Amino acid sequence: VDFIIDKLHLKGGERILDLACGFGRHSLELARQGFSVTGVDITSAYIRFAKEKSQEEGLCANFLCCDIRELQFDQKFDVVLNMADGAIGYLENDTENKKIFTSVSNALKPGGKQFMDIMNGSYADSHFPCRLWEAGEKGLTLSEFEWNNETRVLLYGQLDFEYGQPISKPSITEGNPIRLYTLAEIKDILSSVGMNVTDSFSDFDGKPSSDNNIQLLICSEKV
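Read on for an overview of the structure.

About the criteria used
- Residues numbered from 1 in each chain as written.
- Predicted model: local features only at pLDDT ≥ 70, side-chain atom pairs only at ≥ 80, totals over all residues.
- Heavy atoms only, no water.
- Helix = DSSP H or I, 4+ residues; strand = E, 2+ residues; numbered from the N terminus.
- Rg over C-alpha atoms; globule rule 2.2 N^0.38 Å.
- Buried < 20%, exposed > 50% of the residue type's maximum accessible area, 1.4 Å probe, protein only.
- Contact = heavy atoms within 4.5 Å.
- Areas by Shrake-Rupley, 256 points an atom, 1.4 Å probe, with all protein chains shown as cover.
- Lys, Arg positive; Asp, Glu negative; His and termini not counted.
- Charge placed at Lys NZ, Arg CZ, Asp CG, Glu CD.
- Expected span 1.5 Å × (residues − 1).
- Arc of directions from axis to C-beta.
- Phe/Tyr/Trp six-rings, centres within 6.5 Å; stacked < 30°, edge-to-face > 60°.
- 1 Å grid on protein atoms, 1.4 Å probe; cavity = no way out; pocket = protein on both sides within 12 Å on 5 of 7 lines; lining within 4 Å.
- Points joined across faces, edges and corners; volume = space filled by probe spheres on them.
- Nonpolar A, V, L, I, M, F, W, Y, C, P; charged D, E, K, R; others polar.

**Remarks on the overall build of the protein**
A count of helices and strands for the protein gives six helices and eleven strands. Whereas a compact globule of 223 residues would reach a radius of gyration of roughly 17 Å, the protein reaches 18 Å, a difference of no more than 12%. In terms of overall dimensions, the protein has C-alpha extents of about 50 × 40 × 30 Å along its principal axes. Split into buried and exposed, the 223 residues of the protein put 44% on the buried side. Restricting the contact set of the protein to residue pairs at least 6 apart, pairs at least 24 apart contribute 60%. Taken as a whole, the protein presents about 11800 Å² of accessible surface, with 47% of it coming from carbon and sulfur. Side-chain charges in the protein split into 22 positive and 34 negative, and the spacing between the mean points of these groups amounts to 4 Å.

**Re helix α3 (residues 44-57)**
Think of an α-helix as 3.6 residues a turn; residues three or four steps apart then line up on the same face. With 14 residues, α3 extends 20 Å between its outermost C-alpha atoms, agreeing within 8% with the 20 Å of an ideal straight helix rising 1.5 Å per residue. Of all the residues in α3, the buried ones are I47, A50 and S54. For α3, the angular spread of buried residues about the axis comes to 65°, placing them on one side. Facing away from the buried surface of α3 by more than 90 degrees, the exposed residues are Q55 and E56. On the buried face of α3, the contacting elements are α2 (25-32), β2 (36-41) and β3 (61-65). Where α3 ends, the next residue or the one after it, G58, has phi of about 65°, a positive value.

**What to know about the packing of aromatic side chains**
According to the stated counting rule, one finds ten aromatic pairs in the structure shown. Ring centres of F23 and F49 lie 5.3 Å apart, and the angle between their planes is 85°; on these two criteria the pair is classed as edge-to-face. In this pair, F23 is assigned in the loop between β1 (15-19) and α2 and F49 in helix α3, connecting sequence segments 26 residues apart. For F23, a relative accessible area of 45% corresponds to the partly exposed category. Given a relative accessible area of 40%, F49 falls into the partly exposed group. Measuring from centroid to centroid gives 4.7 Å for F128 and F145, while their planes differ by 10°, and the two rings are stacked. Highlighted residues: F128 in the loop between α5 (121-127) and β6 (130-135) and F145 in strand β7 (residues 139-148), separated in sequence by 17 residues. Assigned by exposure class, F128 and F145 land together as buried. Among the aromatic residues, those joined into a cluster by ring pairs are F3, F115, F201 and F204.

**Focus on the layout of surface pockets**
In this model, the largest pocket occupies a volume close to 420 Å³. If you go around the largest pocket, you meet 19 residues; those closest to its centre are M119, F145, Y156, I214 and Q215. At the level of elements, α2, β5 (108-119), β6, β7 and β8 (153-162) are the ones that each hand at least two residues to the lining of the largest pocket. The residue inventory of the lining of the largest pocket, partitioned by class, reads ten nonpolar, five polar and four charged.

Now the structure itself:
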C-alpha cells in the first residue's frame, strides 16, 4: 500500500476502486490511511468478511459482491487497483478478459490512475514449464508451472507439506488456467480503452520491470 501511494503520487483524498479485492486486505489498509475505498469481488464470503472488518474498525470502505464486467461506474474514481492479478487473465477468453480493462477505464475520471499486479507473460516464455520448491517457516511448498505458449495460458499447481508430518508421493493438482500478458500486450490493451502506461516494476522495492522477473507491476493513467 505504501508503494502504491508513493508511485501513484496519492495525496490522501482520492476515491479508490479495488477490483477482485478478496478479503479486502488492501482496501482496508487504504481506508485506515484515510482513503475512500470501494472493494469489489465475486465471492460473497470474501465480501462478507471485508464488510464486517470495515464495520468493526469504523472505516470509510464499501464492499460490493458482483462480477467486475457488470460494473456500471462512470468516471467516479481517481484510482483503480488490480492487486494479486485482480482477476486479469482469469476469465473465459481474451474477449472476456479485456472487459476488465473497459470497466477500469469507465470507472476512472480523466487523469485517473490504475495500478495492477500481475504475473509476467514474458517471464513464462523463458522459464516455464518448471517445478519449484520453497522451504517456509512451517512447511515445504512444491509448485508446478505448465505453460502453453500458443494460448498464453498458465496452469499452476501447488502442494504443501507440514514439517514433522509423514508424507506420501506428491500428486500436484492443477488450479484454474490463467491467461498471462506481456508488458507490450498490456500497453496495447490499455491504449485501446484510452489509457497509457506510465511506469512498470518487477517488485515492491521499485526494481524496473524485466522479462527475467515473474512479477509485473504496472502504473497507467486515463487520457
